[in-house]
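A closer look at the structure
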Amino acid sequence: MSHVENELNSQPECWIRAADEAGRYRDALPAPGERVAIVGCGTSYFMAQAAAVLREGAGRGETDAFAASEFPYGRSYDRVVALTRSGTTTEVLDLLGELRGRTRTTAVTGDPDTPVASAADDLVALDFANERSVVQTRFATTALTLLRAHLGLHTDSVVADARTALTTPLPEGLVDCTQFTFLGRGWTVGLASEAGLKMREASLSWTEAYPAMEYRHGPISITTAGTATWMLGEAPERLARQVRATGGLWIDGGLDPLAELVRVQRLAVAVAAARGLDPDRPRHLTRSVILAP
């Protein structure tokens, strides 16, 4: 198995541990009522988007999400949470440095023995979910599980759905599709963007991602035989019927959306294999983006 396969298969156990440790990090994570920004790069940015919607929707306080490089320094926050698997990403470290002494910061990382440990005020170490692979799978979903548990939104059924996602065969014909569109609503919009990124990174697939209600406003025009549209979460009324009418393949995500993302990770590996690609060696990518001074 590739590193990616081994790591994505370990997600149920990682999620259980993250949920168990959420209480340990209570003081390092946003308190109710705090005005919070969650930041990251790449996959971590999409997890930040999902977490921000979940927190604000849970009534815990105004919460925004930004790519670390696009943080609005003119805004005032009580806390900034940075998601960074490697702990070495230049944009994240630069942001934490700018905020030191001005805004309380928390770093959620897979490697506590990196510069981010001294750059942030508080540290959450998910080293048990760290990865060897370039393509992120378990760290991202484990970080989001920790934040869901912190909000009281994680249940044992999520882990059960993840196990189902790992053992149930992928829909027939899906691997042979030439284009993939992922849709989300609310917190799953970020997951849809992450699903598209996984397919691009691991299998060089043509992918797109949209809020589900936006799909009718143009993107559905590319849907035809040989394309797939995958809904993460509950679909808008009649959208599945409209997609099927185009001849495209509709995938209705019936599992918890985070478990549906695990299914997409499996698809990315399967498509890579079908195309003779190594998902552990994605084109033009490195495990962490470290920019020269």
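All figures in this text were calculated on a predicted structure; none of them were measured in a lab.

1. Observations concerning the overall build of the protein chain
Scanning the protein chain from N- to C-terminus turns up ten helices and nine strands. For a compact globule of 293 residues, the expected C-alpha radius of gyration is about 19 Å, and the protein chain comes in at 18 Å, within 12% of that figure. Taken over the C-alpha atoms alone, the protein chain extends approximately 55 × 40 × 40 Å along its principal axes. Expressed as a percentage of the 293 residues in the protein chain, the buried residues total 56%. Taking contacts inside the protein chain between residues at least 6 apart in sequence as the whole, the part at least 24 apart equals 71%. Summing over all exposed atoms, the protein chain offers an accessible surface of approximately 12,300 Å²; the carbon and sulfur share of this is 49%. Here the protein chain carries 29 positive and 36 negative side-chain charges, and the mean point of each set is 2 Å from the other.

2. What to know about the sheet that holds strand β7 (residues 206-211)
Hydrogen bonds along the backbone pair up the strands of a sheet, which may run parallel or antiparallel. Read across the open sheet, the four strands follow the order β7-β6-β8-β9; overall the sheet is parallel. The outermost strands of the open sheet, each flanked by one partner alone, are β7 and β9 (249-252). Within this sheet the neighbouring strands show an average axis-to-axis angle of 20 degrees, counted without direction. Looking at chain direction, strand β6 (residues 179-184) and strand β8 (residues 227-232) are connected through six bridges and run parallel. Paired with G184 across the strands is L232, a residue of β8. Across the sheet, helix α8 (residues 188-203) is in contact with β6, β7 and β8; its angle to β6 comes to roughly 160 degrees. Set on the sheet, helix α10 (residues 257-274) makes contact with β6, β8 and β9; between it and β8 the angle comes to about 155 degrees.

3. So, the sheet that holds strand β3 (residues 79-84)
Taken in spatial order, the five strands make up an open sheet running β2-β1-β3-β4-β5, and their pairing is parallel. Edge positions in the sheet fall to β2 (63-67) and β5 (122-125), since each of these pairs with one other strand and no more. Neighbour-to-neighbour, the strand axes of the sheet open up by a mean angle of 20 degrees, direction not taken into account. Bridge analysis of strand β1 (residues 36-40) against β3 gives four bridges, and the strand direction is parallel. Paired with I38 across the two strands is V81, which belongs to β3. Sitting on the sheet, helix α3 (residues 43-57) is in contact with β1, β2 and β3, with an inclination near 170 degrees to β2. Across the sheet, helix α4 (residues 90-99) lies against β1, β3 and β4 (104-109), angled at about 160 degrees from β3, the strand it touches most.

4. Considering the packing of aromatic side chains
With the rule as written, the count across this model stands at seven aromatic pairs. Judged by centre distance (5.8 Å) and plane angle (85 degrees), the rings of F66 and F71 are edge-to-face. Classification of F71 by relative accessible area gives buried; the value is 6%. Within the aromatic cluster, the residues linked to one another by ring pairs are F66, F71, Y73 and Y77.

5. Topic: helix α2 (residues 11-21)
Every buried residue of α2 is accounted for by Q11, P12, C14, W15, A18 and E21. Turning to α2, the residues buried within the fold contact α1 (3-9), α6 (138-150), α7 (156-167) and α10.

6. Side note on α10
In a regular helix each residue adds 1.5 Å, so 18 residues correspond to 26 Å; α10 covers 25 Å between its end C-alpha atoms and thus fits that length. Counted residue by residue, α10 has 14 buried out of 18 residues, so it is predominantly covered. At the N-terminal end of α10, a side-chain oxygen is found 3.0 Å from the backbone nitrogen of L258, two or three residues along, and the residue is D256. Once α10 finishes, G276 follows within two positions and takes phi at roughly 70 degrees, a positive value.

7. Concerning the nonpolar core
Grouped together as the largest cluster of nonpolar side chains are 63 residues, with contacts concentrated most on L144, F180, F182 and L191. Per-element accounting of this core gives the leading share, nine residues, to α10. The contacts of L191, once residues within four sequence positions are left out, are M47, A50, L144, L232, P257, L258 and L261.

8. Observations concerning the packing of α3 against α8
Relative placement of two packed helices is described by the angle separating their axes and the distance separating the axes. Their axes nearest at 7 Å, the elements α3 and α8 cross at an angle of 160 degrees. The angle between α3 and α8 places the two elements in the roughly antiparallel class. Handedness of the crossing formed by α3 with α8: left-handed. Within the contact between the two elements, α3 uses T43, F46, M47, Q49 and A50 and α8 uses G190, L191, S193, E194, L197 and K198. The class makeup of the residues in the contact of α3 with α8 is five nonpolar, four polar and two charged.

9. Concerning the pattern of salt bridges
The final tally for this structure, using the stated rule, is 16 salt bridges. The salt bridge involving R100 is made with D121; its shortest N-O contact spans 3.8 Å. One end of the pair, R100, is in the loop between α4 and β4; the other, D121, is in the loop between α5 (116-119) and β5, with 21 residues separating them in the sequence. Three or more residues are tied together by salt bridges with common partners; here these are E34, R79, R104 and D122.

The rules behind the values
Residues numbered from 1 in each chain as written. Predicted model: local features only at pLDDT ≥ 70, side-chain atom pairs only at ≥ 80, totals over all residues. Heavy atoms only, no water. Helix = DSSP H or I, 4+ residues; strand = E, 2+ residues; numbered from the N terminus. Rg over C-alpha atoms; globule rule 2.2 N^0.38 Å. Buried < 20%, exposed > 50% of the residue type's maximum accessible area, 1.4 Å probe, protein only. Contact = heavy atoms within 4.5 Å. Areas by Shrake-Rupley, 256 points an atom, 1.4 Å probe, with all protein chains shown as cover. Lys, Arg positive; Asp, Glu negative; His and termini not counted. Charge placed at Lys NZ, Arg CZ, Asp CG, Glu CD. Pairing = 2+ DSSP bridges. Axes fitted to C-alpha atoms, helices over the stretch in contact; angles between N-to-C directions. Phe/Tyr/Trp six-rings, centres within 6.5 Å; stacked < 30°, edge-to-face > 60°. Expected span 1.5 Å × (residues − 1). Polar contact = N/O pair within 3.5 Å; in protein donor to acceptor, adjacent residues only side chain to side chain. Core = buried A, V, L, I, M, F, W, Y, C linked by side-chain atoms within 4.5 Å. Parallel < 35°, antiparallel > 145°, perpendicular 65-115°, else oblique. Left-handed = near helix turned anticlockwise from the far one by under 90°. Nonpolar A, V, L, I, M, F, W, Y, C, P; charged D, E, K, R; others polar. Salt bridge = Lys/Arg side-chain N within 4 Å of Asp/Glu carboxyl O.

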